[in-house]
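Residue-level structure breakdown
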Amino acid sequence: MADKVTDIFLERLMKQIEESGKLPWERPFSDLYAFNYFSMREYTGINRWILPPGEYMTANQINAYNKEHGTNFRFAKGIKWYPVFFVKDIQNEISESNLPSDIQDASSKPDGYLGRDTYGNWYIKSEGKYYQCKKVRRFYQVADRTFFVDENGATLPSRVENGEVVMTHTKPNVIIDDYLSRESNIKVSHTQGEAYYCCQLDLINVPELKYFYSESRYYSTWFHEIIHSTGEDSRLCRVGVASSKRDERDKANEEANTKKYTYSMEECVAELGCALLCNESGFQAESLSDEAYKNHIAYVQSWMKYFKENKEDIIWVMSCAEKAYRFVLYGADDSDVGTAPMRKE
């Protein structure tokens, strides 16, 4: 069952869509990301989809700033708060008798990992004591710097405008070339008429640029197929792609009563991962007047109804898209990769 934090996330996401008439990933790509004003670190994960570009801070951060600098920045009228979501590890001591039944002879085992239960909790032993560990979702509130004003109505200066933070883009062909160079096992073909990734062959097929209506469509197609390739067994081993997880895919199909379940979920991962790479490269999406782009957005919108009824899936899809995006850029499934302060050199 989805927890309260998941409900809050979904409520915020749906409200944003209803107010703007657009999906979060539909908004035009911007040179500005959402980052923390004081740490100058970019917000990542599912927060990418609900935080508009801006320079954010918490109430505690602005209070600490006031105390340190003798200023009096206060909340402006109509301040708009956004939740920032994160995952926290919780560890509770338990008795040996409360360990799952499939963890046998725990008393004779050395300190360390003991196993998991069916709910995803894991169990460890340390200095003769037993602990149940689990990940829980939490959130805190942030607001853009423009909503904190002093007695004269002034705001804190923009880190972007004064040059402390510089937003940079990587050319799309560089993203593709770097990824294929690092993942040298991937084979590439350019057969005309279709684009696809074949996991069994570890092959990406994208027609040549001359067969596309525009350069942006060409590169977004490349990004879509590249995201698919990150799910291969030797990379992120994602359930919608990896052959080693076929049993898990079959179980998901059986539970969903459709053979399209994991395929469609994987397509959503590829669409969102593609959007992140488009943002990274800085090129514009097709105009909304373009029929193909309208169809692309309508396809993703069709999933919103499903997500309302299956709240955990939207978290999974967005998390997978974030991991795939990071893997393409940095070659690692690491939540800390790529979040270094964006300081001007």
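This one's a predicted model, so the numbers in the text were calculated from it and none came from an experiment.

About the criteria used
Residues numbered from 1 in each chain as written. Predicted model: local features only at pLDDT ≥ 70, side-chain atom pairs only at ≥ 80, totals over all residues. Heavy atoms only, no water. Helix = DSSP H or I, 4+ residues; strand = E, 2+ residues; numbered from the N terminus. Buried < 20%, exposed > 50% of the residue type's maximum accessible area, 1.4 Å probe, protein only. Areas by Shrake-Rupley, 256 points an atom, 1.4 Å probe, with all protein chains shown as cover. pLDDT = per-residue confidence, 0-100. Contact = heavy atoms within 4.5 Å. Pairing = 2+ DSSP bridges. Axes fitted to C-alpha atoms, helices over the stretch in contact; angles between N-to-C directions. Core = buried A, V, L, I, M, F, W, Y, C linked by side-chain atoms within 4.5 Å. Salt bridge = Lys/Arg side-chain N within 4 Å of Asp/Glu carboxyl O. Polar contact = N/O pair within 3.5 Å; in protein donor to acceptor, adjacent residues only side chain to side chain. Parallel < 35°, antiparallel > 145°, perpendicular 65-115°, else oblique. Left-handed = near helix turned anticlockwise from the far one by under 90°. Disulfide = S-S within 2.5 Å.

**Re the overall build of the protein**
- Along its length, the protein carries eight helices and eleven strands.
- Looking at the protein as a whole, 46% of its 345 residues are labelled buried.
- Accessible surface for the protein amounts to roughly 18,700 Å². Of this, 48% is attributable to carbon and sulfur atoms.

**Here's the deal with the confidence of the model for the protein**
- When the pLDDT values of the protein are averaged, the result is 81; 77% of them are 70 or greater.
- Taking the mean pLDDT of every element in the protein, the minimum, 53, falls on helix H5 (residues 246–256) and the maximum, 97, on strand E11 (residues 203–205).
- Low pLDDT (under 50) marks residues 256–261, which in the prediction has eight contacts with non-local residues, meaning those over four places away or in another chain.
- Contacts from residues 334–345, a stretch scored under 50 in pLDDT, to residues over four places away or in other chains number 29 contacts.

**Overview of the sheet that holds E11**
- Reading across from one edge, E9-E11-E10 is the order of the three strands in this open sheet, with mixed pairing throughout. Edge positions in the sheet fall to strand E9 (187–189) and strand E10 (196–198), since each of these pairs with one other strand and no more. Taking each pair of neighbouring strands and ignoring which way they run, the sheet shows an average axis angle of 20°.
- The pairing of E9 with E11 spans three bridges and is classified as parallel. Following the sheet pairing, Val 188 is matched in E11 by Ile 204.

**A short note on the nonpolar core**
- Counting residues in hydrophobic clusters, the biggest one holds 48 residues, and the most contacted among them are Phe 9, Ile 204, Trp 222, Phe 223 and Met 318.
- Excluding residues within four positions of it along the chain, Phe 9 makes contact with Ile 46, Ile 50, Phe 85, Ile 314, Ile 315 and Met 318.

**Comments concerning the pattern of salt bridges**
- Tallying each qualifying case throughout the model produces twelve salt bridges.
- The partner of Asp 89 in a salt bridge is Lys 135, and the shortest N-O contact between them spans 2.8 Å. A residue pair is termed long-range when its members are at least 10 positions apart, and Asp 89 in strand E4 (residues 82–94) and Lys 135 in strand E7 (residues 129–144) qualify at 46 residues.
- Residues participating in the shared-partner salt-bridge network are Arg 182, Glu 183, Asp 202, Glu 232 and Arg 235.

**What to know about the environment of Tyr 211**
- With respect to the helices and strands, Tyr 211 occurs in the loop between E11 and helix H4 (215–229).
- Tyr 211 sits 19 residues away from Gln 192 along the chain, and the two C-alpha atoms are 7.7 Å apart.
- Separated by 3.4 Å, the side chains of Tyr 211 and Gln 192 make a polar contact.

**Some remarks on the packing of helix H3 (residues 172–182) against H4**
- Where H3 meets H4, the axes come as close as 10 Å, and the angle between the chain directions of the two elements is 25°. Our classification of the angle between H3 and H4 gives roughly parallel. Seen along the crossing, H3 lies across H4 with a hand that is left-handed. Across the interface between the two elements, Pro 172, Asn 173, Ile 175, Ile 176, Tyr 179 and Leu 180 from H3 touch Tyr 219, Trp 222, Phe 223, Ile 226 and Ser 229 from H4.

**Focus on unusual backbone geometry**
- Phi is positive for Met 40, which is not a glycine, with a value near 60°.
- Along the chain, Met 40 turns up in the loop between strand E1 (34–36) and strand E2 (54–57).
- Of the residues examined, Met 40 reaches a relative accessible area of 4% and is grouped as buried.
- At Asp 202, a residue that is not glycine, the phi angle is positive and equals roughly 50°.
- Here Asp 202 shows up in the loop between E10 and E11.
- The class of Asp 202 is buried, set by a relative accessible area of 8%.

**Describing the environment of Ala 59**
- Within the fold, Ala 59 resides in helix H2 (residues 59–69).
- Spatially, the C-alpha atoms of Ala 59 and Gln 141 are 7.9 Å apart, while their sequence positions differ by 82 residues.
- Beyond its immediate chain neighbours, meaning those up to four positions away, Ala 59 contacts Phe 75 and Trp 81.

**As for the state of the cysteines**
- Counted according to the given criterion, the structure contains zero disulfides.
- Of the cysteine sulfurs around Cys 237, a residue in no disulfide, the closest is that of Cys 199, at 8.9 Å.
- Of the residues examined, Cys 237 reaches a relative accessible area of 17% and is grouped as buried.

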